[in-house]
Amino acid sequence: MLTATAMVGVLALAGCAKDSGGSGNSNNNASGTAGSCVTAQPPAAPAAATSSSAAGAKVDASRLRIGLAYDIGGRGDASFNDAAAAGVDKAKTDMGVKDVSESTASPTEDEAAKEQRLTQLATNGYNPIVAVGFAYAEAVGAVAPKFPNTKIAIIDDDSVKAPNVTPLVFAEEQGSFLAGVAAVYKSKNCHIGFIGGVNTPLIQKFEAGYLAGAKAASSKVQIEDQYLTPAGDNTGFQDPTKGNAKAGAEIAAGADVIYHAAGASGKGVFQAAKAGNALAIGVDSDQYNQTTVAEYKDVIMTSMLKRVDVAVYDYIQAVAQNNLSSLPQRFDLKVDGVGYATSGGKVDDIVPVLNGYKQAIISGQITVPTTPAK
């Protein structure tokens, strides 16, 4: 197995010799020609897959009363929470879900408030309950034993060991690796950036994958790498002003593609990218199509898709069918639990490159780290 960083040394140097567009002039073309930043031959793209998606029997989930406990930002954050909301909305359309109760955490609330939110949902008969985010881990651990007949899913945490709790976790580092590759291929300056919301092990997975992907594609790329707040200060997920300032500083330092994993703070990153004539990479949802950041869509070149919508939808379906064993242990590239968006057409020319790296990860040729290698 090759590690992601080893790929840089193993793969043949090809980008510089083949670049016919001069320094930085091929970033938005449609030819697929690598820019001068690229120094590694990408893995071969897989053969086109034939679709075998046969529609299964219609699932009736109309009897379910679903409780949705959002992380900070809630519905409308154009990112993580909106993805969870989209999964529930699709369940309404496809499976007849009618009764949904939604509530949102505040940036400064304590554990007691989270526990009270979950307790109230369970007491009011909502079942299943979806806790959106690792910040609910302690509260889920406290509430689940008190309501053993209530099924609870928690996104981004697998530490709670209870028979009625289902973790919905993702390989964020794998999707972020592809974002790092895309950033290198689209950078004119061979200089890119990362903005993390809060410095936690979860967000470090985004950072780790992004750094590894960029370095796999280029041995000479420069990377700016910052967080908005330290661990424990969750305001980093809801501070567009700070996101704007940090991204602006990275752009001033020379970065021309910025990837954020900062929740609602990402709006500020998009603002800075537009003001600084740079490109941005969204996160979680396809942010090119998010109405709350529509004025910045022209600079959103792609988004790292973390399919929280798919996980929530699949969980609701599994509960309705009384078959939680049908869920994957981790939503990764292999099950399309993470990926990248092509909305806007800015990465259409490098889709074969990205799919080649994707297949190399799925096959085990590349192992993506989950902690950053600075």
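Residues numbered from 1 in each chain as written. Predicted model: local features only at pLDDT ≥ 70, side-chain atom pairs only at ≥ 80, totals over all residues. Heavy atoms only, no water.

A separate point is the pairing of strand β11 (residues 300-306). Burial of β11 is extensive: seven of the seven residues sit out of reach of the surface. Here five bridges tie strand β10 (residues 279-284) to β11, and the two strands are oriented parallel to one another. Across the sheet, the residue bridging to G282 is S303, located in β11. (Buried < 20%, exposed > 50% of the residue type's maximum accessible area, 1.4 Å probe, protein only. Helix = DSSP H or I, 4+ residues; strand = E, 2+ residues; numbered from the N terminus. Pairing = 2+ DSSP bridges.)

Let's shift gears to the state of the cysteines. Tallying each qualifying case throughout the model produces one disulfide. The disulfide partner of C37 is C190, and the S-S distance across this bridge is 2.1 Å. Measuring the twist about the S-S bond at about 65°, one finds the C37-C190 disulfide to be right-handed. Note that C37 is positioned in the loop between α2 (15-18) and β2 (65-70) and C190 in the loop between α6 (172-186) and β7 (191-198), a separation of 153 residues in sequence. No difference in accessibility class separates C37 from C190, as the two residues are buried. (Disulfide = S-S within 2.5 Å.)

This structure, assessed with the given rule, holds 17 salt bridges. E102 is the partner of R75 in a salt bridge, and the nearest nitrogen-oxygen pair spans 2.7 Å. You can see R75 sitting in the loop between β2 and α3 (80-95) and its partner E102 sitting in strand β3 (residues 99-104), a full 27 residues away along the chain. Here R75 falls in the partly exposed class, since its relative accessible area comes to 39%. (Salt bridge = Lys/Arg side-chain N within 4 Å of Asp/Glu carboxyl O.)

Right, let's talk about the sheet that holds β11 for a bit. Strand order in the open sheet formed by six strands is β8-β7-β9-β10-β11-β12, and the pairing between neighbours is mixed. Taken across any chain shown, the strands that pair with only one partner, and hence form the sheet edges, are β8 (222-229) and β12 (338-340). With strand direction ignored, the average angle separating the axes of adjacent strands in the sheet is 15°. As paired elements, strand β9 (residues 257-261) and β10 share three bridges and run parallel to each other. Following the sheet pairing, I258 is matched in β10 by A280. Contacts from helix α9 (residues 266-275) reach β7, β9, β10 and β11 within the one sheet, and its direction differs from that of β10 by about 165°. (Axes fitted to C-alpha atoms, helices over the stretch in contact; angles between N-to-C directions. Contact = heavy atoms within 4.5 Å.)

For the rest of this paragraph, the subject is the environment of T200. Here T200 shows up in the loop between β7 and α7 (201-217). In sequence terms T200 and D233 are 33 residues apart; their C-alpha atoms lie 10.0 Å from each other.

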